[in-house]
Amino acid sequence: SATTPGMAQYSIEAELDKRGGKNFGPPNGKKMTIFFDDVSMPEVNKWGDQTTLELVRLAVEHGGFYFLDKDKRGDFKTCEDLQYLAAMQHPGGGKNDIPNRLKRNFFIFNLVLPSITSINDIYGQMLDGRFAGQDFDGDTLDVVGKLTNATIQLWRVMKSRMLPT
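An account of the accompanying structure is given in this report. (Residues numbered from 1 in each chain as written. Predicted model: local features only at pLDDT ≥ 70, side-chain atom pairs only at ≥ 80, totals over all residues. Heavy atoms only, no water.)

### A closer look at the environment of Leu82
At step 1: Residue position: Leu82 is located in strand E6 (residues 82-86).
At step 2: Note on Leu82: relative accessible area 16%, which makes it buried.
At step 3: For Leu82 and Thr148, which are 66 residues apart along the polypeptide, the C-alpha to C-alpha distance reads 40 Å.
At step 4: The residues contacting Leu82, other than those within four sequence positions of it, are Ile12, Leu16, Pro26, Met32 and Ile34. (Helix = DSSP H or I, 4+ residues; strand = E, 2+ residues; numbered from the N terminus. Buried < 20%, exposed > 50% of the residue type's maximum accessible area, 1.4 Å probe, protein only. Contact = heavy atoms within 4.5 Å.)

### Re the packing of aromatic side chains
At step 1: Considering all chains together, one arrives at 5 aromatic pairs under this definition.
At step 2: An angle of 70° between the planes, with centres 6.0 Å apart, marks the rings of Phe24 and Phe67 as edge-to-face. In this pair, Phe24 sits in strand E2 (residues 23-25) while Phe67 sits in the loop between strand E4 (64-66) and strand E5 (76-79), placing the two residues 43 residues apart along the sequence. For the residue pair Phe24 and Phe67, the accessibility class agrees, reading buried in each case.
At step 3: Ring geometry for Phe36 against Tyr84: centres 6.1 Å apart, planes inclined by 10°, an arrangement best described as stacked. Of this pair, Phe36 sits in strand E3 (residues 32-36) while Tyr84 sits in strand E6, and the two are 48 residues apart along the sequence.
At step 4: We classify Phe36 as buried; its relative accessible area is 13%. (Phe/Tyr/Trp six-rings, centres within 6.5 Å; stacked < 30°, edge-to-face > 60°.)

### Some thoughts on the packing of helix H1 (residues 5-13) against helix H2 (residues 51-62)
At step 1: Where H1 contacts H2, the two axes come as close as 8 Å, and the packing angle between them is 35°. Here Pro5, Ala8 and Gln9 of H1 come into contact with H2, specifically with Thr51, Thr52 and Leu55.
At step 2: Its residues assigned to classes, the contact of H1 with H2 comprises 3 nonpolar, 3 polar and no charged. (Axes fitted to C-alpha atoms, helices over the stretch in contact; angles between N-to-C directions. Nonpolar A, V, L, I, M, F, W, Y, C, P; charged D, E, K, R; others polar.)

### With respect to unusual backbone geometry
Trans peptide bonds make up the majority, and among non-glycine residues the majority have a negative phi.
At step 1: Positive phi is not limited to glycine here, since Asn28 has a value of about 60°.
At step 2: For Asn28, the location among the structural elements is in the loop between E2 and E3.
At step 3: In this structure, Asp81 is a non-glycine residue whose phi angle is positive, near 60°.
At step 4: Along the polypeptide, Asp81 turns up in the loop between E5 and E6.

This is how it looks when you write it as structure tokens:
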């Protein structure tokens, strides 16, 4: 992954304003949600650590991180009114697991892809309800009947060609 701890910290700091002392927060007293996409991507170093995720853990658990400026290095910067959201795929295939010390700070739930039969049932029924027989001609209803399968076929092709990086 290209994200280093410094890059992650600077990305968060760029959106914060000074509130007083060593306290920082979103502009105008607002609240801000920080979304960490593909949190399973940071590389594992030779000691088994994911340093970017340790910075994320520090921010979530302690409400901030340390100044990187030379004159303030070592002082703690408190970040107020932030909430955190993260997403990841299952470990494996180039995706790393994340440390349990980070996992414990999030409410975790797992979404499993529905079966093709379920997708057909759900979307087929939605389309049948939206395109009632008395409101549309036969040609339109013919296309509607094939739309769910065509969408599933397109998804399969895209999934096979656009592999994860």
